[in-house]
Amino acid sequence: MNKEELEQITSYLTFKLGEEEFAAHVSRVLSIMEMTKITQIPKTPGYMKGVINLRGQVLPVIDTRLKFGMSAAEYTANTCIVVMEVEVGGENVQVGTIVDSVQEVLEIEKDQIQPPPTIGNRIKSEFIYGMAKIEDKFIMILDMDKVFSAEEIEDVQASTERGRQQQPADESPQEAVNEKHEAE
């Protein structure tokens, strides 16, 4: 599917961080996973939780709450990892994003999306594409390509490479799931 065809799609995956609801265009969402064992990597940005083994691929995982400057929260049964593809500097990068809960897929037409409010220079909001009022609530629609800067992606990729070297070569995703269930 080319870029023009993707822009015609009006479906958004909504998820919650605290009481706030966010949405990401479905073309950026690759999969949704239950929480699994995350291998921590030293000397990484605070929002980067580590890496996971996703079908033999080492995937960086970030805590979206921390990335957005929100307070950390304990993980619950609803906490999950949304695997997204972001484009930074012409390169597509897959990132696992921890969210409090996934809500639903909504159809949001372009005329339902209002520009984001001007909050001032102190609050970085350029990654908010717009706001949609659905029923009696506002949903912040994210521009996933602007959530990370090129430098942040370089940091995440460097951290992922360190994590790849730390991951046991024979650990499969099923083993990671089994470890999670054994821990519970």
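Scroll up a little and you will see the structure.
In this numbering scheme, every chain counts its residues from 1 along its sequence in written order. Where totals are concerned, whole chains, interfaces and linings use all residues; where local detail is concerned, this predicted model gives features only for residues with pLDDT of at least 70, and gives and counts side-chain atom pairs only at 80 or more. Each side-chain value is derived from all of the structure's non-hydrogen atoms; neither hydrogens nor water enter the calculation.

> Any chance you could break down the pairing of strand β11 (residues 137–142) for me, citing the residues and the numbers?
Summarising the sheet, strand β2 (residues 20–25) and β11 pair through three bridges and their orientation is parallel. Bridge pairing links Ala 23 to Ile 141 in β11. For two strands to be treated as a pair, DSSP must find at least two bridges joining them. Secondary structure elements follow DSSP: runs of H or I no shorter than four residues count as helices, runs of E no shorter than two count as strands, and numbering proceeds from the N terminus. In this structure, strand β10 (residues 128–134) lies alongside β11, joined through six bridges in antiparallel fashion. In the strand pairing of β11, Met 131 is matched with Met 140. Hairpin remark: β10 followed by β11, antiparallel, with two residues in the connecting loop; positive phi at Glu 135, about 55°.

> For the sheet that holds β2, give the residues involved together with the corresponding values.
Spatially, the six strands line up as an open sheet ordered β8-β1-β2-β11-β10-β9, and their pairing is mixed. Single-partner strands in this sheet number two, and they are β8 (101–107) and β9 (113–114).

> Now, about the sheet that holds strand β7 (residues 91–99): what can you tell me, with residues and values included?
Adjacent strands of a sheet pair through backbone hydrogen bonds, lying either parallel or antiparallel. Taken in spatial order, the five strands make up an open sheet running β3-β6-β7-β5-β4, and their pairing is mixed. Looking along the sheet, the strands with just one partner apiece sit at the ends: β3 (29–34) and β4 (48–54). Put simply, the sheet's adjacent strands are angled 35° from each other on average, direction ignored. Examined bridge by bridge, β4 and strand β5 (residues 57–63) share six bridges and lie antiparallel to one another. Counted as the bridge partner of Asn 53 is Val 58 from β5. Every angle, taken between N-to-C directions, lies between 0 and 180 degrees, and every axis is a line fitted to C-alpha atoms, over only the stretch in contact when it is a helix.

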